[in-house]
Number of protein chains: 2
Amino acid sequence: MARATGAKPAGSVTSHDIARLAQVSQATVSRVLRDDPKVRPATRERVLKVLAETRYEPNAAARAFRAGRADSIGVVVARLSYQLYPAMLEAIGAQLARLGRRMIVWDSDHGGDAPAIRALRQGVVDGVILTAATSESEFLREVPAEGSAVVLLNRIVADYASDQVSSDNLDGGRRVAEYLVACGRKRIALIGGIPRASTIRDREQGFRKALDRLGVGLPPHYYFRSENFTHASGEQAVTRLMELASPPDAIFCVNDVLAMGAMDGARGRGARVPDDLWIVGYDDIEIASWGAYDLTTVRQPMEQMVGQAIDLLLARIDAREAPVTHKCLANELVIRGSTGRQSPPAAAAPKKARR
Amino acid sequence: MARATGAKPAGSVTSHDIARLAQVSQATVSRVLRDDPKVRPATRERVLKVLAETRYEPNAAARAFRAGRADSIGVVVARLSYQLYPAMLEAIGAQLARLGRRMIVWDSDHGGDAPAIRALRQGVVDGVILTAATSESEFLREVPAEGSAVVLLNRIVADYASDQVSSDNLDGGRRVAEYLVACGRKRIALIGGIPRASTIRDREQGFRKALDRLGVGLPPHYYFRSENFTHASGEQAVTRLMELASPPDAIFCVNDVLAMGAMDGARGRGARVPDDLWIVGYDDIEIASWGAYDLTTVRQPMEQMVGQAIDLLLARIDAREAPVTHKCLANELVIRGSTGRQSPPAAAAPKKARR
DNA sequence: ACGACGAATGTATACGTAGTCATCATGCCG
DNA sequence: CGGCATGATGACTACGTATACATTCGTCGT
């Protein structure tokens with residue numbers, strides 16, 4: 001009675017068609033497709049031949065429906081225009097492709113994590129990698145932590161019971177502070193941002209604490225909080241800082257684009273980098289190594305972070321109730337021309353000192 | 001007899017459960033979900049209440065299975081590390097989100113278009129936007145042109161019967177040539193690339209033809225073919241060009257990253273841009289406007305191109321057999337500091353002259 | 001007030017796949 | 001040579017949804 005009306009994908013050959021053509025049952029076709037060993041070679045050949053001839057492709061919806069999984073992973077990134085995210089996506093996509101999974105991407109600028117969480121609950125994706133939460137609390141109420149296949153990448157939310165992977169941003173901030181002080185910088189400034197994200201908060205905090213510990217400190221007028229994390233913000237911030245009676249001789253920017261903005265802004269006002277002003281960024285995006293900026297920055301072990309995030313996510317999909325893991329990887333200070341390519345004097349920054 | 005084994009998404013509430021709780025039939029629940037007007041307000045309320053209480057989410061696989069569409073669109077981009085592509089993805093993602101579609105992303109570096117085409121044939125996605133074909137012929141044999149829901153964005157394959165959207169790369173190249181000549185540049189060079197993609201070919205060809213027509217021409221030693229389209233290639237290319245007995249006084253690079261590499265390379269060898277050398281890029285990626293480069297370049301109407309591509313794709317999904325469309329949008333020369341911010345003398349480049 | 005018509009709701013079904021179980025074929029050993 | 005174990009295959013079913021069709025309910029007109 002009921003007629004199907006749904007349009008099917010173009011080449012609508014089903015496993016039943018294959019079965020008929022190969023003179024076997026649909027079950028056997030399914031077995032061949034799933035590489036079940038219990039099929040006689042001759043039969044397998046016959047089926048494979050028909051499969052090839054008909055250019056059969058299994059219906060993904062039916063398969064997902066039956067199997068209860070989509071073989072897709074969702075990824076939420078912040079602003080795609082910030083180079084770190086494309087790099088991250090590229091790594092995630094490559095690794096997922098190798099594992100036979102697809103990648104559905106959302107930009108958190110357009111709706112935050114909600115669409116991704118929704119997709120997770122609908123089974124569109126088997127798991128979600130959240131690399132940014134517009135507002136941390138917003139998605140907390142969306143996802144009951146109950147064994148959800150969610151992993152936070154490059155973002156820590158302490159009171160949220162999901163797997164989390166990040167690099168040690170506190171330590172990254174510390175490294176920069178110790179480096180600048182060890183190299184004799186006297187007037188050190190910080191261009192930060194609205195601390196929506198833990199990463200930014202930690203970078204700033206690690207930096208400040210290290211400065212305090214080293215007896216340098218960060219006077220309020222050497223701190224500029226940018227509205228967003230754009231090049232224009234960096235320019236604006238550096239302009240303010242350079243207008244001070246005693247302008248800084250080194251600036252740490254909590255990400256590379258801010259740093260590049262600061263550098264362009266400083267140069268635009270006639271300052272020379274690094275002769276008059278040192279600038280340090282964070283993330284080591286691709287451009288940072290280009291001649292025009294040649295930016296000293298902190299590099300996060302992106303490939304490993306992505307690898308661990310994916311491992312954790314896939315493990316959780318198989319075992320929802322396993323205890324959650326928080327990974328925190330070490331990162332690396334990359335010294336380039338924006339700080340005169342100058343290495344810190346040996347033993348100046350004792351590695352053991354933390355916090 | 002047969003037992004279902006597939007793991008279901010966490011909150012496995014079905015429309016049948018809702019029906020039972022709301023004392024209606026499953027069909028009515030479905031009607032409420034699909035906003036069917038033929039439901040009495042009171043009934044609708046009752047169902048909606050239960051839906052909210054149970055935090056029900058429809059099973060996407062079942063829905064896709066039944067409806068015959070996935071509500072997802074596939075996008076193949078070339079290298080995510082080239083800033084044009086994240087920008088494009090951002091635009092595509094935003095527009096698709098507005099239309100209630102998801103975006104599955106593949107990087108053509110890892111498998112070309114094949115995975116996307118496969119996904120299309122399996123019904124994982126309803127349509128595919130191809131922004132790059134590793135090899136044009138490779139995917140031609142994969143997709144029978146038969147009303148496939150495929151649109152080429154920023155890529156033209158003349159003999160392939162699919163919808164295609166691009167900007168006029170021939171004209172872009174022409175504009176640059178005419179601009180440089182009109183501004184009195186005498187020794188004009190070109191940094192191109194391996195012409196796998198029509199875009200690159202057209203930019204080069206438009207440029208060359210215009211130079212020829214203007215009686216300037218492009219001598220072979222002023223042409224450098226880069227292996228890939230990276231910053232390093234640009235540096236390498238400019239180094240070669242500057243080693244010439246008579247180095248160029250202007251270089252057109254077929255994309256911005258090449259141009260930035262060329263600029264950094266030139267500066268590294270002591271040349272001043274624009275005083276000694278003009279440099280022009282193509283694409284107007286975000287960095288191009290930053291102080292360090294301030295690059296004159298050709299801007300493509302990205303938002304419109306994306307909009308048109310999506311429109312064409314969605315239209316085709318509904319009408320597979322409609323005649324194919326090729327759209328070619330005009331682009332714009334953005335003059336910045338890398339060419340001294342110098343406008344062409346009026347009437348120097350007659351707009352009508354083409355080819 | 002009764003019939004009739006339309007609105008609202010219920011019933012039943014198919015979509016394509018991957019399983020379970022049943023059945024059939026084959027080969028081996030007693 | 002027969003029976004049994006093992007391997008190969010077939011028959012059948014459920015998954016959750018959206019719809020066609022059937023049925024019931026409410027309302028309006030005469």
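Read on for a plain summary of the structure. (Residues numbered from 1 in each chain as written. Chains lettered and ligands numbered in written order. Predicted model: local features only at pLDDT ≥ 70, side-chain atom pairs only at ≥ 80, totals over all residues. Heavy atoms only, no water.)

**Description of the interface of chain B and chain A**
- Each side of the interface is counted separately: chain B has 54 residues, and chain A has 54 residues.
- Here chain B and chain A share an interface that buries about 4,700 Å² over both sides, 56% of which is from carbon and sulfur atoms.
- Applying the counting criterion to the chain B and chain A interface returns 6 salt bridges.
- Between arginine 118 of chain A and glutamate 57 of chain B there is a salt bridge whose closest N-O contact spans 3.5 Å.
- The interface formed by chain B and chain A contains 12 residue pairs in polar contact (both at pLDDT 80 or more).
- Mapped onto the side of chain B that touches chain A, the elements with two or more residues apiece are helix H4 (60-67), helix H5 (84-98), strand S2 (102-107), helix H6 (114-122), helix H7 (136-142) and helix H11 (256-268) of chain B.
- Broken down by element, the residue count for the side of chain B that touches chain A peaks at 7 residues, all from H4 of chain B.
- Taken together, the residues of the side of chain B that touches chain A sort by class into 27 nonpolar, 11 polar and 16 charged. (Contact = heavy atoms within 4.5 Å. Buried area = accessible area lost by both parts, 1.4 Å probe. Salt bridge = Lys/Arg side-chain N within 4 Å of Asp/Glu carboxyl O. Polar contact = N/O pair within 3.5 Å; in protein donor to acceptor, adjacent residues only side chain to side chain. Helix = DSSP H or I, 4+ residues; strand = E, 2+ residues; numbered from the N terminus. Nonpolar A, V, L, I, M, F, W, Y, C, P; charged D, E, K, R; others polar.)

**Digging into the pattern of salt bridges**
- Enumeration over the complete set of coordinates arrives at 38 salt bridges over all chains.
- A salt bridge links glutamate 332 of chain B to arginine 299 of chain B; the shortest N-O distance between them is 3.7 Å. Note that glutamate 332 of chain B is positioned in strand S12 (residues 332-334) and arginine 299 of chain B in strand S10 (residues 297-299), a separation of 33 residues in sequence.
- Judged by its relative accessible area of 41%, glutamate 332 of chain B is partly exposed.
- Ionic contacts of the salt-bridge type, sharing partners, join the residues Asp171, Arg174, Arg175, Glu178 and Arg213 of chain A into one network. (Buried < 20%, exposed > 50% of the residue type's maximum accessible area, 1.4 Å probe, protein only.)

**Considerations on the relation of the copies chain B and chain A**
- Rotating chain B by 180 degrees and moving it 0.0 Å along the rotation axis overlays it on chain A with an RMSD of 0.1 Å. Here the two chains are linked by the operation of a two-fold rotation axis. No C-alpha of chain B approaches the rotation axis more nearly than that of isoleucine 104 of chain B, which lies at 2.1 Å.
- Residue by residue, 98% of the interface of chain B is reproduced at the interface of chain A, so both copies engage with the same surface. (Least-squares fit on C-alpha atoms with pLDDT ≥ 70 in both.)

**Points about the protein's contact with DNA strand D**
- Taken together, 31 residues surround DNA strand D, and among them Thr43 of chain A together with Ser15, His16, Tyr56 and Arg63 of chain B come closest.
- Near the protein, within 4 Å, the atoms of DNA strand D are sugar or phosphate in 60% of cases.
- With respect to DNA strand D, the side chain of serine 15 of chain B contributes an N or O atom lying 2.6 Å from a phosphate oxygen.
- Side-chain polar atom of arginine 34 of chain B to a phosphate oxygen of DNA strand D: 3.0 Å apart, as the coordinates give it.
- Those elements giving two or more residues to the surface near DNA strand D turn out to be helix H2 (26-33) and helix H4 (60-67) of chain A together with helix H1 (15-22), helix H2 (26-33) and H4 of chain B.
- Of the residues belonging to the surface near DNA strand D, the class tally is 11 nonpolar, 12 polar and 8 charged. (Near = heavy atom within 4 Å.)

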